[in-house]
Amino acid sequence: MSGLQIFNAHPRLYWGQFGANTDHAALEMTAGDPAKGESLGMVRIGSHEIPTTGVLGVSKDSNGDLVERGFPAWATIPSYQDLATGRRWHFFFAWVLVFSSALYFLVSFATRHVQRDLLPTRTQWSFRSIGRDFWDHLRLRFPKGEAARQYNSLQKLAYLGVLFVLAPMILATGLTLSPGLDAGFPWLLNLFGGRQSARTLHFICATIVVLFIVIHLAMVVLAGPLNELRSMITGRYVLPPEKVK
Amino acid sequence: MTSRILTRRQMLLRGTTALGGLLVAGCDRLSNSPSFRGMLESAEGLSYRAQRLLVGHNALAREFKESDLSPVFRSNGTSDPDTPGYNALAADDFRQWRLKIDGLVARPQELSLDQLRARASRTQITRHDCVEGWSAIGKWTGVPLSALLTFAGLNASARYIVFYCADTLEMGADPYYESIDLIDAFHPQTILAYELNGTRLPVANGAPLRLRVERQLGYKHAKYIMRIQAVQDIDHIGGGKGGFWEDRGYEWYAGI
């Protein structure tokens, strides 16, 4: 959310080493001209314009007036436009994330949580297994019996993707945005094809993590939040009683 | 049956919206609480020390090729100081302009633009990163700051270099100013630039002289420099935070 505050200071994304107002933007949140038949608030991706008035590009401020801003007030920290404070939140919690995830990885490997619970088993590593899980998720059919005690293959892939692909990507692309670190580790610029590319990737990866969190929370709520929360913290999971038909 | 599901859905939606509203309001209150702000700001010291530890003091920012230059180098902040004093200097092609170097130096200086141009120069094609998020690549030519500080005889007690500018960004506020530590002041790419992309520095980009401190964000690169002062601490200058934007909540160390 502090990241969206920072994005709002320049709601355009580029690809390459540089990118500013006169350069071509891959994505842009902006206000159109209704007199020209354009939407008031819109997201422009390439040459496509998606009307998003009220949410992206143009949204209501705390007085209820429509103002031009990338993400709306309810999605940013602080809710009002204040880049300096947004950056303070962002970098403080970036450090919190670095320390807590370092601890998480250390403990998860040491207790073999990753190897035992997260790596898919041989039978789970198949298109059939993943496809079946995907279909079950769409129909909101949750595993029953002993299967519910373990992560299913789709769940494992999602966790591994977040932990070993998205989280490192967010960290590395974030570090590439620092002009100080670019001097010390110029290979970061080669890796991502430039600072502006890194900024775009940082935004995309963070967006996917937000989507993951939303879906994950929804799944927890739908699968029985109390039992799920207890199992996350203590590891004790009570098998829900099977419904008698 | 349908109506019951709808109401439940509506309730969930309303609950989420209310919860979100509370969260946003709570974060806004925290942002304005001095003790919480103090906690958030403690991250700056950590970032500064981590970068100084991990990045060599003379590690160079990437230098690019002519073909990498931004087609247009965006001007930001003040595009023209437009004060009577500055306009008079500009009308005369800055012939009467003098760069003052004073403070904790053995030999205070007053240097003309021609005197600066006569000194050994450095040209570098670097990327300029604005705190807002955009970047532009430009070619800069100027005098290394380290050479000027050595020339003026920097005192051993000096810890910061302060830059005083001709422009005022806010009505009624003091003129723009900035400060950097000696590590960045003596960095080989830290120059006082008088040329951009092979021509005289335009007024929009800080004529006659601007700072390039390549491992930090754009607001550190003071434009329209009038005076350079070597000091022991920055607590009593301006708002006490070391720069115009720093006094308004931004990080003094802008390598991040």
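Residues numbered from 1 in each chain as written. Chains lettered and ligands numbered in written order. Predicted model: local features only at pLDDT ≥ 70, side-chain atom pairs only at ≥ 80, totals over all residues.

1. Here's the deal with the interface of chain A and chain B
Often, the extent of an interface is quoted as the loss of accessible area on bringing the components together.
Step number 1: Tallying the contact residues gives 34 residues for chain A and 41 residues for chain B.
Step number 2: Here the residues of the side of chain A that touches chain B are counted per class, giving 18 nonpolar, 11 polar and 5 charged. (Contact = placed C-beta atoms within 7 Å. Nonpolar A, V, L, I, M, F, W, Y, C, P; charged D, E, K, R; others polar.)

2. A look at the environment of Ser-75 of chain B
All names here are of chain B.
Step number 1: Within the element layout of this structure, Ser-75 appears in the loop between helix H2 (34–54) and helix H3 (84–91).
Step number 2: A count of 16 C-beta atoms within 10 Å places Ser-75 in the partly exposed class.
Step number 3: Each C-alpha atom, one on Ser-75 and one on Ala-136, is 9.8 Å from the other, the two residues being 61 residues apart in sequence.
Step number 4: Residues in contact with Ser-75, not counting those within four places in the same chain, are Ala-204 and Asn-205. (Helix = DSSP H or I, 4+ residues; strand = E, 2+ residues; numbered from the N terminus. Buried ≥ 20, exposed ≤ 12 C-beta atoms within 10 Å, placed from the backbone.)

3. Quick look at the environment of Val-162 of chain B
All names here are of chain B.
Step number 1: Mapped onto the elements, Val-162 comes out in strand E5 (residues 160–165).
Step number 2: Given 20 C-beta atoms within 10 Å, Val-162 falls into the buried group.
Step number 3: Distance from Val-162 to Ile-234, taken between C-alpha atoms, is 8.2 Å for residues 72 residues apart in sequence.
Step number 4: Those residues in contact with Val-162 that lie beyond four places of it in its chain are Tyr-177, Ser-179, Gln-229, Val-231, Ile-234 and Ile-237.

4. Digging into the pairing of strand E10 (residues 225–231) of chain B
Residue and element names in this part refer to chain B.
Step number 1: With 5 of its 7 residues buried, E10 lies for the most part within the structure.
Step number 2: Sheet topology places E5 next to E10; 6 bridges connect them, and they run antiparallel. By the bridge assignment for E10, Tyr-160 is matched with Val-231. (Pairing = 2+ DSSP bridges.)

5. Digging into the confidence of the model for chain B
Step number 1: Per-residue confidence for chain B gives a mean pLDDT of 94, with 97% of residues at or over 70.
Step number 2: For this predicted complex, the interface confidence score (ipTM) comes to 0.91, while the overall pTM stands at 0.92. (pLDDT = per-residue confidence, 0-100.)

6. Examining helix H9 (residues 225–234) of chain A
Step number 1: Of all 10 residues that make up H9 of chain A, 0 are buried, and the element is exposed over most of its length.
Step number 2: Just past H9 of chain A, the residue Gly-235 of chain A takes up positive phi, approximately 85 degrees.

7. With respect to the nonpolar core
Step number 1: Ranked by internal contacts, the top residues of the largest apolar core, which has 63 residues, are Ile-161, Phe-163, Cys-165, Leu-192, Ala-193 and Ile-225 of chain B.
Step number 2: Not counting residues within four places of it along the chain, the set of residues in contact with Ala-193 of chain B comprises Trp-140, Thr-141, Gly-142, Leu-201, Arg-210 and Arg-212 of chain B.
Step number 3: Ile-170, Ala-198, Leu-201 and Cys-205 of chain A belong to the second-largest nonpolar core, a separate cluster that totals 6 residues. (Core = buried A, V, L, I, M, F, W, Y, C linked by C-beta atoms within 7 Å.)

8. Considerations on the sheet that holds strand E1 (residues 99–103) of chain B
All names here are of chain B.
Step number 1: The mixed open sheet is built from 5 strands, whose spatial order is E2-E1-E10-E5-E6. Each end of this open sheet is capped by a strand with a single partner; those strands are strand E2 (109–111) and strand E6 (177–181). Neighbour to neighbour, the strand axes of the sheet diverge by 15 degrees on average, direction disregarded.
Step number 2: Taken together, the 5 bridges between E5 and E6 define a ladder with antiparallel strand orientation. If you follow Phe-163 over to E6, its bridge partner there is Glu-178. (Axes fitted to C-alpha atoms, helices over the stretch in contact; angles between N-to-C directions.)

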